[in-house]
Amino acid sequence: MRKGKRLFLAIVLSLALIAPAWGADTIKLGALYNLTGGMSSIDAPALNGAKLQAKLINDKGGLLGKKIEVMGIDTKTDQKAAATGAKKALSGKVIAGLGYGDTTFVMAAAPLFQEKGIPFVTSGATHPMLPKWVGNCMFMVPFGDDDQSFAIAEYTVNKLKAKNVVVWTDNSMDFTKALSKFYKERIQQLGGKIVLEDFFMMGDKDFSAQIARLKSANPKAEAVFISAIPNEAGLTVKQIREAGLALPIVSGDGFDTELVTTVPGAKLANDVYFSTHTYREDTRPEVVAFVQAYEKEYKRPPENAFAALGFDAVGLIADAIKRAGKTEGKALREALAATKGFKAVTGEITYSRPTGVPMKGVSIISVKAGKYKVEEVWFPKQ
Amino acid sequence: MSGGYIAQQIVNGLVLGSMYALVAIGFSMIYGIIRLINFAHGDIVMIGAFVTLGLFQTLGIPFPVVALAVLTAGGIIGIMIERGTFRPIRGAPQVTGFIASLGISIMLQNLGVMFLTAQPRNFSFPDYLQRVIKIGAVTFRTIDAVIMISAFCLMALLMFLVHRTKLGMAMRATAENIDMARLMGININRTILSAFAMGSALAGIAGLMWGGKFGQIDPLLGFVPGLKSFVAAVIGGVGSIPGAILGGYILGLSEVLFVGLLPPVYSAFRDAFVFVTLILILLILPNGIFGKRIEDRP
């Protein structure tokens with residue numbers, strides 16, 4: 001009898017496992033994000049953005065007569081969890097994957113989608129080599145790191161008039177290393193000089209040793225470029241300012257987090273500049289509509305550009321589904337690759353470059369006394 | 001490399017070392033008395049940081065009162081952990097306690113994530129603790145001075161307690177030989193409980209300092225101080241309180257000086273150097289600096 005009961009239980013449980021697959025009247029998107037851990041302050045808003053887009057589309061009647069379902073999976077800022085999450089999404093019969101604000105995690109998950117011929121759209125990972133590394137199922141919503149590094153490098157030299165620059169790099173991530181590489185390249189092309197390079201690891205809390213070295217840099221540093229993810233963004237600004245250093249701090253979109261102002265506090269969050277995705281203070285209709293919808297849904301303004309990018313990722317996939325007329329892997333992939341002039345919140349997306357990286361504008365944002373302001377929008381030349 | 005630069009790095013290392021030392025003391029005390037490697041110790045640092053955040057930032061209670069409250073909260077958590085987990089399994093093989101402490105650690109972290117979310121929170125102290133002080137080429141903040149001085153005072157107080165009071169004598173006796181101590185009429189339960197309370201109170205206050213120093217806290221922050229103070233305790237000789245203090249300072253200083261004095265390319269690998277130091281010290285002094293061979297308990 002006991003054996004019978006167990007068997008019964010086993011059958012019920014396995015039915016419970018397949019049950020979700022029966023409800024195939026929805027279009028499922030697997031959204032892989034690090035909702036906990038070091039990446040959470042950029043990934044959680046991105047998932048909110050993605051879910052919001054799905055909701056707006058569903059409110060208008062869905063796609064191909066079906067509702068969109070965004071299956072959010074938390075991968076805990078852990079690459080192993082990212083791979084497991086990808087497998088989970090794929091076994092959940094998703095028609096496309098989306099996710100991540102960082103290259104390292106995309107590289108853990110996207111190749112599994114590529115193997116199955118299912119498109120993966122990254123909302124915020126910016127390494128320009130991603131489409132080359134993963135394959136033809138890899139699509140990027142954001143600009144590439146080369147673009148954002150070039151933008152901030154030109155701003156450093158031309159607008160901040162800083163020629164002697166110190167570069168700090170988080171040595172644990174592909175994204176931060178790439179960002180520094182492109183930044184240094186452009187600074188040197190513009191006649192600037194890298195007076196000192198220093199390194200740290202994601203998760204480091206104490207930067208006092210690097211700061212002491214920054215202080216004694218010779219010739220004197222006129223700006224410091226910090227290639228970091230959000231977890232270290234606020235910490236480094238706080239500790240540098242507290243050590244009495246007032247030089248401009250510049251960075252890329254890893255600094256597009258509220259931690260840059262909340263951790264150091266308004267008084268110390270000063271003279272910080274970063275390049276990021278275009279949407280803040282923009283008046284294009286799609287931006288205004290997005291900000292309003294986000295505030296209505298979550299009762300707060302979008303935390304950062306990643307919310308908009310998540311929103312755009314689902315929008316991009318929905319646009320491709322509409323054009324393809326079906327959700328099957330190959331047709332969807334081709335429709336995505338043929339995207340032209342898609343009006344995303346973070347700028348128009350066209351896949352015209354051979355690298356597969358969209359050509360988009362880059363915003364330079366300044367932080368002065370805890371206040372964000374868009375200084376300029378930079379466009380790539382080619 | 002100027003003298004001022006090196007002096008600055010030494011100050012940086014001492015501040016970091018003070019925090020490691022405070023956490024390492026509790027680690028060492030608990031090990032000394034019941035031979036338990038308590039991996040949940042680092043998470044008490046996290047609890048201390050969040051208690052500070054709640055009382056000070058949200059409720060606006062004055063700073064000295066908060067410091068006392070955090071000490072008490074740390075102590076109470078320590079007592080709860082001992083009563084709830086370690087007392088029921090006392091006498092079990094060492095590895096049972098070790099695994100149980102790992103379990104508590106994971107539980108505390110996950111409870112933190114559940115109730116407080118994993119989003120890092122900012123943590124700011126009043127201006128008078130953030131003021132920058134400049135002595136020659138060395139700059140530091142009031143909070144750094146407060147960390148160093150209060151760590152020193154707390155450690156002095158603890159040494160007094162352990163060496164000059166009856167309770168301290170009982171603790172030392174229990175550490176030496178638990179069965180003999182019991183035969184001598186020492187209340188073992190009370191002694192172990194007070195070791196947990198004191199060690200955890202110090203870890204709690206280290207949490208306050210950790211938050212004040214780095215300005216950003218999250219429920220998983222206990223892992224690093226937990227691991228580092230374990231290393232500090234091993235360097236100094238597990239079970240020895242002066243050893244834990246010395247180990248904490250050696251660790252803090254070597255971490256900062258590795259980054260500060262080696263070429264910058266190695267900066268990212270500070271933790272690797274820390275563990276190399278640990279291995280080197282253990283190769284020369286297998287029981288740590290102040291460690292003695294102590295009785296193994298089953």
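Rules and cut-offs
- Residues numbered from 1 in each chain as written.
- Chains lettered and ligands numbered in written order.
- Predicted model: local features only at pLDDT ≥ 70, side-chain atom pairs only at ≥ 80, totals over all residues.
- Heavy atoms only, no water.
- Salt bridge = Lys/Arg side-chain N within 4 Å of Asp/Glu carboxyl O.
- Helix = DSSP H or I, 4+ residues; strand = E, 2+ residues; numbered from the N terminus.
- Contact = heavy atoms within 4.5 Å.
- Buried area = accessible area lost by both parts, 1.4 Å probe.
- Polar contact = N/O pair within 3.5 Å; in protein donor to acceptor, adjacent residues only side chain to side chain.
- 1 Å grid on protein atoms, 1.4 Å probe; cavity = no way out; pocket = protein on both sides within 12 Å on 5 of 7 lines; lining within 4 Å.
- Points joined across faces, edges and corners; volume = space filled by probe spheres on them.
- Nonpolar A, V, L, I, M, F, W, Y, C, P; charged D, E, K, R; others polar.
- pLDDT = per-residue confidence, 0-100.
- Pairing = 2+ DSSP bridges.
- Axes fitted to C-alpha atoms, helices over the stretch in contact; angles between N-to-C directions.
- Domains from an automatic or database assignment.

With that settled, consider the pattern of salt bridges. Here the structure, examined in full by the defined rule, presents 23 salt bridges over all chains. A salt bridge links B:R141 to A:E242, with the nearest nitrogen and oxygen atoms 3.0 Å apart. Of this pair, B:R141 sits in strand β3 (residues 138-141) while A:E242 sits in helix α9 (residues 230-242), which puts the two residues in different chains. Within this structure, A:D206, B:K228, B:E255, B:R270 and B:D271 form a network of salt bridges that share partners.

With that settled, the discussion passes to the interface of chain B and chain A. In many reports, interface size means the accessible area that the parts give up when they come together. Between chain B and chain A, the contact holds 33 residues from the first and 32 residues from the second. Together, the buried faces of chain B and chain A total about 2,700 Å²; carbon and sulfur atoms form 52% of this surface. In this structure, the connection of chain B to chain A is made through two salt bridges. Note that B:R270 and A:D206 form a salt bridge whose closest N and O atoms lie 3.4 Å from each other. Taken together, chain B and chain A are joined by twelve residue pairs in polar contact (both at pLDDT 80 or more).

Looking now at the layout of surface pockets. Rolling a probe over the atoms, with the probe sized like a water molecule, indicates the empty space that remains. Reported here for the largest pocket is a volume of approximately 1,100 Å³. What lines the largest pocket is a set of 35 residues, among which A:G203, A:K205, B:L220, B:F223 and B:V224 lie closest to the centre. Going through the elements one at a time, α1 (3-34), α4 (94-116), α9 (188-214), α10 (223-236) and α12 (270-284) of chain B are the ones with two or more residues in the lining of the largest pocket. Broken down by element, the lining of the largest pocket gets its largest block of residues, four residues, from α10(B). Grouping the amino acids of the lining of the largest pocket by side-chain chemistry returns 16 nonpolar, nine polar and ten charged.

All right, on to the confidence of the model for chain B then. All names here are of chain B. Of all residues in chain B, 98% have pLDDT values of 70 or greater, and the mean over the chain is 89. Ranking the elements of chain B by mean pLDDT puts helix α5 (residues 127-130) last, at 80, and helix α3 (residues 63-86) first, at 93. Reported for the predicted complex are a pTM of 0.81 and an ipTM of 0.81.

Let us now look at the sheet that holds strand β9 (residues 249-251) of chain A. All names here are of chain A. Across the sheet, seven strands lie side by side as β7-β6-β8-β9-β10-β13-β14; this open sheet has mixed pairing. Edge strands, defined here as strands with exactly one partner in the open sheet, are β7 (193-200) and β14 (371-378). Looking at each pair of strands side by side, their axes are set apart by 25° on average, direction ignored. Of the strand pairs in this sheet, strand β6 (residues 164-170) and strand β8 (residues 223-227) are connected by five bridges, and their pairing is parallel. Bridged to V166 within β8 is V224. Along the sheet, helix α8 (residues 208-215) contacts β6, β7 and β8; its crossing angle with β7, the most-contacted strand, is approximately 170°.

What follows concerns the domain arrangement of chain A. Residue and element names in this part refer to chain A. The assigned domain composition of chain A is domain 1 (23-143 + 283-361) and domain 2 (146-278 + 363-378). Of note, the centres of domain 1 and domain 2, computed from C-alpha atoms alone, are 28 Å apart. The partner domain 2 presents 22 residues to the 27 residues of domain 1 that form the contact. Here domain 1 and domain 2 share an interface that buries about 1,900 Å² over both sides, 59% of which is from carbon and sulfur atoms. Here domain 1 and domain 2 share one salt bridge between them. Across the pair R353 and D147 runs a salt bridge, and its minimum N-O distance is 3.1 Å.

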